[in-house]
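# An overview of the molecular structure
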Amino acid sequence: MSDKKNIILPTDRRYNAEHVWAKADGGHFVAGISDFAQDQLNDVMFVDLPETGKHFESGEVFGSVESVKSVNDLYMPVSGLIVAVNELLADRPELVNSSPYEEGWMIRIQPDTAEPLKTLLDSEAYRKLL
Amino acid sequence: MSSKRLTVIGGGPGGYSAAFAAARSGLEVTLVEAGSIGGTCLNSGCIPTKTLKASADALELTARLAEFGLSGSAAVPDMAAVINRKNKVMTTLRGGLEKTCDNLKISRISGLGRIVSAQLVEVTAPDGGKHELRGDKVIISTGSKPLELPGLTFDHKHILSSDDALNLTEIPKRLLIVGGGVIGCELAFIFQAFGSEVAIVEGQDRLLPLPSIDAEISQLLQRELKKRKIAFHLGRVVKEAVVTSGAVKARLAPSPFSATPPKGDLEVEADALLVTVGRIPSTAGLGLAETGVKVDARGWIMADEGLNTSMPGVYAVGDVLGPQKGMLAHVAAMEGVCAAANCLDKGRKMDYSLIPSAVFTTPEIGCAGLSEAQAKEHGLNFVRHTFQMRQLGKMQAMGELSGICKIIADASSGVILGVHIAGPHATDLLAEAVLAIKTKTRAADLVEIMHAHPTLAEGIFEAATGLVEQNTD
């Protein structure tokens, strides 16, 4: 496991206390898990993602991520509709470990409200939690 | 004084358990069976499914040889040989039951039994001949059979019942299973292992939608299905299915049983449809209407806690009592023993309060006691803890990961109220949980008991430890 100082937390996105990041992208939000989370999990074997078209409230469980060590629920960073999921993760779950912020993205959300990210933590506040 | 004579109609787990117990207690017993001894359990249920599962599990292991440092390639199933093995196991077990009947001097008669009165049963033999069996008491244990949906008549080729599924020598390329209960889910894993592309349609909002099955267990199972690319359509029912050019085209509509049904219809094509939506009573020709033995609106025989039907001297046990009493072989067996005792006026009462559930999916599931939803419904003040089985050394050593052990306990006393296990051998691990619940063991007591290491039984120990730690702050 990495030293907490080496955990990468990009400043272009926000985080919830359950280690899920959300980044604005053309009216939607893309979400995935943080570098801290993937590091804690170790090798990700399976990501259970929801069906597109489903709606979840902020804080609701939208799926789970499974590694050799454990299975962990994934909590919605904002309330909204799932408009897309990362199909690549079905065959390449390891992308969550190698690229948690880019290729390892998990869901694309159409948010219920205009500016929901304000309720989330910025990278500094999130780092303090770890 | 001559012995009391008992006629048992139906030789499944309910019937033969009643017959054996009665014979051992000194009753003169005649067992009537229209098909094969062993009933649904031995001939078209528990036993054949488990033998198929053993073949499926062996097959799956051969695809993982490299993981265990072995060279070799995955095996190929020979379904005729798989079915042959199943039939051999069934023959062996039937032989065992027949031998026990002989040893206990139980007379066996082949034929369809009809109750004329508590003292007279008429049996129609396969050749049409009629025999009259005079006696003092009757136990009905005629069981149940697969429910056929309207418009989906079993043709045993494209529209299959669970009976058909257990005799398939050719694996359907695409299999649509209608009904995501225990039977549907078990067969989904078995057929996927043998090479079918499987999909399940379930009218409710989760798989294994039984009150006794905890939501976390359904969630785990659904995740395991996704890993195996077994599709499942929740909140949907089959509106219609048409067999054309050797395939089945099914239209799946939103389900009236769903709290959040999906929108619109879905078309699914398969090579075969397997219907596992429930069962109906096997009471044709039994003479219930003529003799006035009361049945409910669905035809299930009504019996009190002593297994007495509305006709004095006539008892009923097993599946024929319907889903309210738990349609399981172990329930039938207990009922059979209870009814046999009551034939000798022992006044025993059946206790349905703790019925273990064993589900042979992959991973296995073993549940007993209250689910979290049931605990909430009862307004209980409870605590819960879920332990991930992959944290056990034995699991890692075995190369198995998926599983949980969840304990629900009373918040003030710590008495264990429910245990829900998923993982390898969960169905065997369940017995400790049942014993703990029955004896009102507290989580704090369970952690005082050494559990051998490294074993899967440590899962329940760790779940109890987690519960105790969580609640001592």
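Residues numbered from 1 in each chain as written. Chains lettered and ligands numbered in written order. Predicted model: local features only at pLDDT ≥ 70, side-chain atom pairs only at ≥ 80, totals over all residues. Heavy atoms only, no water.

### Looking at the overall build of chain A
- Secondary structure summary: chain A contains three helices and nine strands in total.
- Beginning at the N terminus, the succession of helices and strands in chain A can be written as β-β-β-α-β-β-β-β-β-α-β-α.
- Here chain A has a C-alpha radius of gyration of 13 Å; the compact-globule value for 130 residues is 14 Å, and the two agree.
- Taken over the C-alpha atoms alone, chain A extends approximately 35 × 35 × 20 Å along its principal axes. (Helix = DSSP H or I, 4+ residues; strand = E, 2+ residues; numbered from the N terminus. Rg over C-alpha atoms; globule rule 2.2 N^0.38 Å.)

### Observations concerning the sheet that holds strand β6 (residues 130–134) of chain B
Residues and elements named next belong to chain B.
- With antiparallel pairing, the three strands of this open sheet are ordered in space as β4-β5-β6. With one partner strand each, in any of the chains shown, β4 (112–117) and β6 form the two edges of the open sheet. Between one strand axis and the next, the sheet turns through 25 degrees on average, direction left out of account.
- Where β4 and strand β5 (residues 120–124) come together, five bridges link them in antiparallel fashion. Bridging across to β5, S117 finds its partner in L120. (Pairing = 2+ DSSP bridges. Axes fitted to C-alpha atoms, helices over the stretch in contact; angles between N-to-C directions.)

### Quick look at the environment of B:V331
All names here are of chain B.
- Looking at the element boundaries, V331 is found in helix α9 (residues 329–343).
- When the C-alpha atoms of V331 and V317 are compared, they prove to be 8.7 Å apart, with 14 residues separating the residues in sequence.
- Not counting the four nearest positions on each side in its chain, V331 is found in contact with K325, G326, M350, Y352 and I355. (Contact = heavy atoms within 4.5 Å.)

### Focus on the environment of B:L52
Residues and elements named next belong to chain B.
- In this structure, L52 sits in helix α3 (residues 46–62).
- Taking relative accessible area as the criterion, L52 reaches 1% and is therefore assigned buried.
- Put simply, L52 and L187 are 135 residues apart on the chain and 9.3 Å apart in space, counted from C-alpha to C-alpha. (Buried < 20%, exposed > 50% of the residue type's maximum accessible area, 1.4 Å probe, protein only.)

### Thoughts on the packing of aromatic side chains
- Considering all chains together, one arrives at three aromatic pairs over all chains under this definition.
- Their ring planes at 50 degrees and their centres at 6.0 Å tell us that A:W21 and A:Y101 sit as a pair that is tilted. Residue A:W21 is located in strand β2 (residues 20–25), and its partner A:Y101 is located in the loop between α2 (95–98) and β9 (107–111); the two are separated by 80 residues in the primary sequence.
- What makes A:Y101 buried here is its relative accessible area of 9%.
- Each ring, one from B:Y16 and one from B:F20, has its centre 5.5 Å from the other, and the planes form 35 degrees; the classification is tilted. Of the two residues, B:Y16 and B:F20 are both situated in helix α1 (residues 13–24); the distance of four residues between them amounts to about one turn of the helix. Accessibility assignment for this pair places B:Y16 and B:F20 in one class, buried. (Phe/Tyr/Trp six-rings, centres within 6.5 Å; stacked < 30°, edge-to-face > 60°.)

### What about the interface of chain A and chain B?
- Listed per partner, the contact involves 14 residues of chain A and 12 residues of chain B.
- With both chains or domains summed, chain A and chain B bury close to 1000 Å², and 43% of this area falls on carbon and sulfur atoms.
- The three residues of chain A that bury the most area against chain B are A:F46, A:E66 and A:V71, which together make up 42% of that side's buried surface.
- Applying the counting rule to chain A against chain B returns five salt bridges.
- Where chain A meets chain B, there are eight residue pairs in polar contact (both at pLDDT 80 or more).
- Where the side of chain A that touches chain B is concerned, the elements lending two or more residues are β4 (44–48), β6 (61–67) and β7 (71–75) of chain A.
- Residue composition of the side of chain A that touches chain B, grouped by class: six nonpolar, three polar and five charged. (Buried area = accessible area lost by both parts, 1.4 Å probe. Salt bridge = Lys/Arg side-chain N within 4 Å of Asp/Glu carboxyl O. Polar contact = N/O pair within 3.5 Å; in protein donor to acceptor, adjacent residues only side chain to side chain. Nonpolar A, V, L, I, M, F, W, Y, C, P; charged D, E, K, R; others polar.)

### Brief notes about the sheet that holds strand β19 (residues 357–359) of chain B
Residue and element names in this part refer to chain B.
- In spatial order, the strands read β19-β20-β23-β22-β21; together these five strands make up an open sheet with antiparallel pairing. Both edges of this open sheet fall to β19 and β21 (382–388), since each of them pairs with a single strand only. Neighbour-to-neighbour, the strand axes of the sheet open up by a mean angle of 10 degrees, direction not taken into account.
- Sheet topology places strand β20 (residues 364–369) next to strand β23 (residues 416–423); six bridges connect them, and they run antiparallel. The partner of G369 across the bridge, within β23, is G418.
- Against the sheet, helix α14 (residues 458–470) makes contact with β21, β22 (404–410) and β23, and its axis sits at roughly 135 degrees relative to β21, the strand it touches most.

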